[in-house]
Structures are given as structure tokens and as C-alpha cells.
Amino acid sequence: MKLRNIIIASLAVLTLASCEDMIVRKSLVQPSADTFFTNATEIAGGVNACYAQVNLFVGGYGDFVYSWDGLTETVWLRGNSASDEVLGGAMDFTHNYPNTVWKNAYVGIGRCNLMISKMTGDADLGMTERELNQYLGEVYFLRGYYYMNLVANFGDVPYTDVPVNTVEEALDIPRTPAAQVWQNVYSDFDKAANYLKGSSVKTLGRATWGAAMAYKARAALYSGDYATAKATAKAIMDSGEYQLYPQYETLFSEDVMRSADNKEMIFAWDYDLNANRTHQLLLFGESRAGGGWCTVVPTEHLLDSYECTDGKYIDESPLFNKATRFDNRDPRLHYSCYVPGDILHDLYYDTHMDSVQVWDYSAKAYVTNKDSYSFTQYCSFTGYLPRKYMEAEKYGKSNNKCQNPFYLCRYAEVILTYAEACIETNDLEEGRRAINLIRQRPDVNMPEVTASTQAELRKAVRHERKIELAMESLRLNDIRRWKSSEKVLNAPKLGRPFKGAWTDWPDVTFDENGDPVYNYNSYVPHPSSDYRIILNQKFNPARDYLWPIPQREQLLNEKLTQNPGYSSVN
């Protein structure tokens, strides 16, 4: 029975009302897939269950919806041994990340296959055509979503679009070539868009026509199909359904995310305090003085990447001053991150080791600085904190029970997808125009990009994705497809120095992707007056662009070959 349960979990042979012996016989006391899903209420419940795995990795600090950038150079998840192992080159086929993502995606796929089979059969479900189309559109979207994440992480994966009803079937599914899986993903998103076109259902967290189209554009970008990415993104832009929200600073607040005036929202992951469905990002990202743990924090690599307000990198802008390094910078730096010198909880935020006291603007007195490494070793190791989604004033001491949603896709990404696809297809003028739409958001208002060559514009759009979409869990797949992981993940992850003056910091240069380059040979760990090395990262380009097929899956299915560079059980 244990073997059967593993197969059922990993290949999603499931009904949505569980019964351990479902494969063998129909339950006499519980509903089965054969006798359930016969009316609108039951179908609605089944469709809702198809959404349950959208957050593919639920792991505290490492939650897929808000911390996936912790697997890149831009964010550090302090105390998360799983992410440190991935970044340290120690991931294998037993690791939690590939095992969890694989399992959750296939559970979601199994549910979607079951619901599609029920809704496209001959049974009278007592639903209107409009209701049926809505549910079919959502489920086709979700199946495409799950397969897209599988193929992006693992390459060739087992593909099935029908329910798996027996153990023998589950053991007989080989890996399907990635190119074919991508085409099937396109097909699911096309079907979803067709069924959802004109739908009036715009509930937060539910799939829409725009979500289906935006994810098709994302899938095309990930697979290197720039013509499809360009055409699909352009169709979204021409539809007039979406627009950039005018204020980046408030875009990530709960009020704006739930507002009908927010036309930038395309797809989100929602929470509900009343339903006891909450998250803890505020606890993980909050300052020590604010009662947080400082475990999800931006790195020096991200902070140094923000341009100055003249549109130049800090290595060439005359506006950059090491002593006041966060002045005259792209406004999105301060909208996205808290840095030393900010006022946080009426306190002057300072992470320097010698700053044992800070000014309390409310008490009008100096108080103990709980964010200094001298006070606790558990302050922010990088010296910085996230600001996106962090609404301390809303939740206060309930920072472990937050309900603000997270963007999984927003209109700015669609515009940048269009920009990149234009640049890669040599439509350079249109690509530049699209980049500048993002930079000219009213409260960002960065100078226009004027670059004219493909290489220059490629650098510009890659920079813009890193900055505009910072800490939104998209960076990992970006550096994978640009093949820049072997550069940015084969170097130490850095924080600010905990001693010494800002002016002691060494110079930094930038590469062809707009990523900072440091002279690591001169950097030593704390308490140096130089940069702080918080993690030595290792990336093997011959192996690490794909994740390993989980060991348990290979043990069950001899047809599952392993990805290059990883141990195999077959």
C-alpha cells in the first residue's frame, strides 16, 4: 500500500475525495470519481481543488510565491538549508526542492485531467454553457501552468492529458521531449483563452483570458520562441484590458492589490485571514526592532544593480557617491527595499556593527539598536530588508498571520516580455519603446533608454526585468534561459560590510547583462571593513540548468531517465 500511495501522490492518480483503496474498488462509504462530479456544486469544488498546488513549494522562508528569488543572487534566505544546498551545488535527486515541485505539479495535473474528463464527457452536469466554459478555461489554464513549471525546471517530463487510473499505467509513462511539452502547454493556454474570452469572472486568484495569454507569452519566452511571445504579448497590450498602475510604491499593498482600479493585476495567489489561510512573509522579512526575523532579505548584488537617476550604473554615474550610496538612485530601490538611513518603526534603521544605539523619532531619544550585529547575530546578514508586500502598520504583532496577496503575473511583465521578444527578433525600435513604458511609470520616471544596438538593448531589457520584477520569483528562470546562471551563481553572495565606512567599499563594474562584477579575491568574511561574504555559491553549467528527476520517481518507473550530471537509480 505504501508503494501505491507514492505513485498516487507523484503521478496524481487521485479523486478529490480520498480513499486509500480507490484504484482497487469503489468506496462504499465515500464518494469516488465515478459517482461524484455530477452537478455544478461538485464541479465547482473539483475546480477549486485544482488551484491548491499553484504555490508549488510551500516551505516557510522558501515559499514559491514570494521567495523563489532566494535561489538566485538577488535574495538570501537566511537559515534555509535547502536553498543554501541548491546554491552551494549540493542538490541531488533526494532534495526537497525538486521532489516537492515535481509532486505538487503532478498532483495538480492529475486533478486537472480528472476535471477535464468529467466536464467534456456526455453526462448532464446541470450547468449552463457559460458556467461550463468558465470552469473548463480555468482548468486548462492550470494544467498548462503546472506543466510549464515542470518543463522549465526538469526539461523532458512525463506527459499525460488523461486521468491515470491504475498503478500499471502510472509505471508506464516515459519522459516526453521538452519541445513537445511546450507545444502542449501552448495548446492548454490557447484553450483556456478561448473558453475565458469575454468572461465577467474577475475574482482575485482565478484564471482569466489575460492570465492564459500572459502565461502563454511567458512560456514562449522561456522556450525561446520569440515570435510567439511577441505576438501573444502584443495581443494582450492591444486588448486594452490592462494598464500599468501609476504608483509603483503602493502597487504591492494589499489595498491596491484588491482594488478594482488596479488594472496591472493579471494573476495572483490570495490569502484569507478569516479562512485561516495566511502567510508569514512579514515575520520573515521584518526588522529585528519590528519583531521580525530578517530571514528573507535582498543582497548587495540587487542593491548595486539599481541605476542612478540619470539612467547610468553606479560605476559611471557622476551622481553616485559612496558616502551616500542610496541617494540619487532609481526610485524603485527605495520602493522595493529598506536600506540603512531609512526611518522604520520611527527608528533610524542602521545595520552597522558600531551603531549600538539609534534615534527613536517617537520617543525623541536614543534607544538600543536591535538591528545591529552587535545586538544579535540574527539581524539582516545583508544589511537590507525587503519593502515589497511588507505592511507592518497593517498587521503589527500579527506578522505571522498575514493575508496580503502576491502577484504571480502582472502587466509590467507582459510589456517586458514583448520588449525582449522584439529585441530578439530585431524589432529594436519597438523593443526600446516597450522598455521605456516601464521606466516612465509616473512615480518611477527614469530616463528613456536610448540604446540602438541589439546587444545594448538586450542588456537594457535584462536589467529592467531584474529591477522592475525584483523579489517576484521570476529571476531564476530568467538567468537560466539567458545562460547567465554560470556567472552570477558561481560567485559569493554578498551583503554590506558590518564595519568600516561606505567610502571603504571597493569599486564595482557591470557585465553585458547589467549584473555587478566584484573583485572577490580581496573580500574576506566578517569583521572585514570590506564586503561581507554570506554564502559561497557553486553552479555547474553542465548539470545545474536542469533539476534532477526525483529518486523516488525513478525507483517506481524504469522509463524515467535522469538528467545529465546527476546520479541515477536506473
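Structural data are supplied above this passage.
What you are looking at is a predicted structure, and each value in this text was computed from that prediction instead of being measured. (Residues numbered from 1 in each chain as written. Predicted model: local features only at pLDDT ≥ 70, side-chain atom pairs only at ≥ 80, totals over all residues. Heavy atoms only, no water.)

## Considerations on the overall build of the chain
Scanning the chain from N- to C-terminus turns up 21 helices and 16 strands. Here the C-alpha atoms of the chain give a radius of gyration of 24 Å, agreeing with the 25 Å that 2.2 N^0.38 yields for 570 residues. Overall size of the chain, expressed as C-alpha extent along the three principal axes, is 70 × 50 × 50 Å. The buried share of the chain, reckoned over its 570 residues, is 60%. Of all intrachain contacts in the chain linking residues separated by at least 6 positions in sequence, the fraction that spans at least 24 positions is 70%. In the structure as shown, the chain presents an accessible area of about 22,100 Å², 48% of it carried by carbon and sulfur atoms. Between the averaged position of the 58 positive side-chain charges in the chain and that of its 72 negative side-chain charges there is a distance of 2 Å. (Helix = DSSP H or I, 4+ residues; strand = E, 2+ residues; numbered from the N terminus. Rg over C-alpha atoms; globule rule 2.2 N^0.38 Å. Buried < 20%, exposed > 50% of the residue type's maximum accessible area, 1.4 Å probe, protein only. Contact = heavy atoms within 4.5 Å. Areas by Shrake-Rupley, 256 points an atom, 1.4 Å probe, with all protein chains shown as cover. Lys, Arg positive; Asp, Glu negative; His and termini not counted. Charge placed at Lys NZ, Arg CZ, Asp CG, Glu CD.)

## Describing the pairing of strand β16 (residues 532-536)
Burial analysis of β16 places four of its five residues in the buried class, the great majority of the element. Direction of pairing for strand β13 (residues 492-495) relative to β16: antiparallel, over a ladder of four bridges. Following the sheet pairing, K493 is matched in β16 by L535. (Pairing = 2+ DSSP bridges.)

## So, the side chain of Q554
Residue position: Q554 is located in helix α21 (residues 551-556). Separated by 3.3 Å, the side chains of Q554 and Q562 make a polar contact. Non-local contacts of Q554, meaning those with residues more than four positions away in its chain, are made with F93, I549, L560, T561, Q562, S567, S568, V569 and N570. (Polar contact = N/O pair within 3.5 Å; in protein donor to acceptor, adjacent residues only side chain to side chain.)

## Let's talk about the side chain of E286
Structurally, E286 can be placed in the loop between α12 (281-285) and β5 (296-298). Put simply, E286 is tucked away with no salt bridge, and the nearest opposite charge, on R288, sits 10 Å away. Side chain to side chain, E286 and H345 meet in a polar contact 2.9 Å long. With near-sequence residues (within four places) excluded, E286 lies in contact with L281, G291, G292, W293, C294, L344, H345, L385, M390 and A392. (Salt bridge = Lys/Arg side-chain N within 4 Å of Asp/Glu carboxyl O.)

## Re unusual backbone geometry
Positive phi values are uncommon outside glycine, yet K364 reaches one of about 55°. When its relative accessible area of 62% is taken as the criterion, K364 is described as exposed. Notably, K483 is not glycine yet its phi reads approximately 55°, a positive angle. Mapped onto the elements, K483 comes out in the loop between α19 (475-481) and α20 (485-488). Overall, K483 belongs to the partly exposed group, its relative accessible area being 48%.

## Considering the packing of helix α16 (residues 411-424) against helix α17 (residues 428-439)
Where α16 meets α17, the closest approach of the two axes is 7 Å, and the angle between their N-to-C directions is 160°. For the element pair α16 / α17, the angle class is roughly antiparallel. Here α16 and α17 pass one another in a crossing that is left-handed. Seen from α16, the contacting residues are A412, I415, L416, Y418, A419, C422 and I423; seen from α17, they are L428, E430, G431, R433, A434, I435, L437 and I438. A breakdown of the residues in the contact of α16 with α17 according to their chemical character gives 12 nonpolar, one polar and two charged. (Axes fitted to C-alpha atoms, helices over the stretch in contact; angles between N-to-C directions. Parallel < 35°, antiparallel > 145°, perpendicular 65-115°, else oblique. Left-handed = near helix turned anticlockwise from the far one by under 90°. Nonpolar A, V, L, I, M, F, W, Y, C, P; charged D, E, K, R; others polar.)

## Re the state of the cysteines
Simply put, disulfide is the name for a covalent bond between the sulfur atoms of two cysteines. Following the criterion strictly, the structure yields zero disulfides and no others. For the unlinked cysteine C422, the closest cysteine sulfur is that of C409, found at 17 Å. For C422, a relative accessible area of 0% gives the class buried. (Disulfide = S-S within 2.5 Å.)

## Topic: helix α8 (residues 178-196)
Along its 19 residues, α8 runs 27 Å from first to last C-alpha, staying within 8% of the 27 Å computed at 1.5 Å per residue. Residues of α8 that are buried: A178, V181, W182, N184, V185, Y186, D188, F189, A192, A193 and L196. Residues of α8 that are buried make contact with α6 (129-154), β2 (157-158), β3 (175-176), α9 (209-222) and α10 (226-239). (Expected span 1.5 Å × (residues − 1).)

## What to know about the environment of R288
As for its position among the elements, R288 is in the loop between α12 and β5. The sequence separation of R288 and S380 amounts to 92 residues, and the corresponding C-alpha distance is 8.2 Å. When neighbours within four sequence positions are excluded, R288 is seen to be in contact with R78, W293, C294, K370, D371, T376, Y378 and C379.

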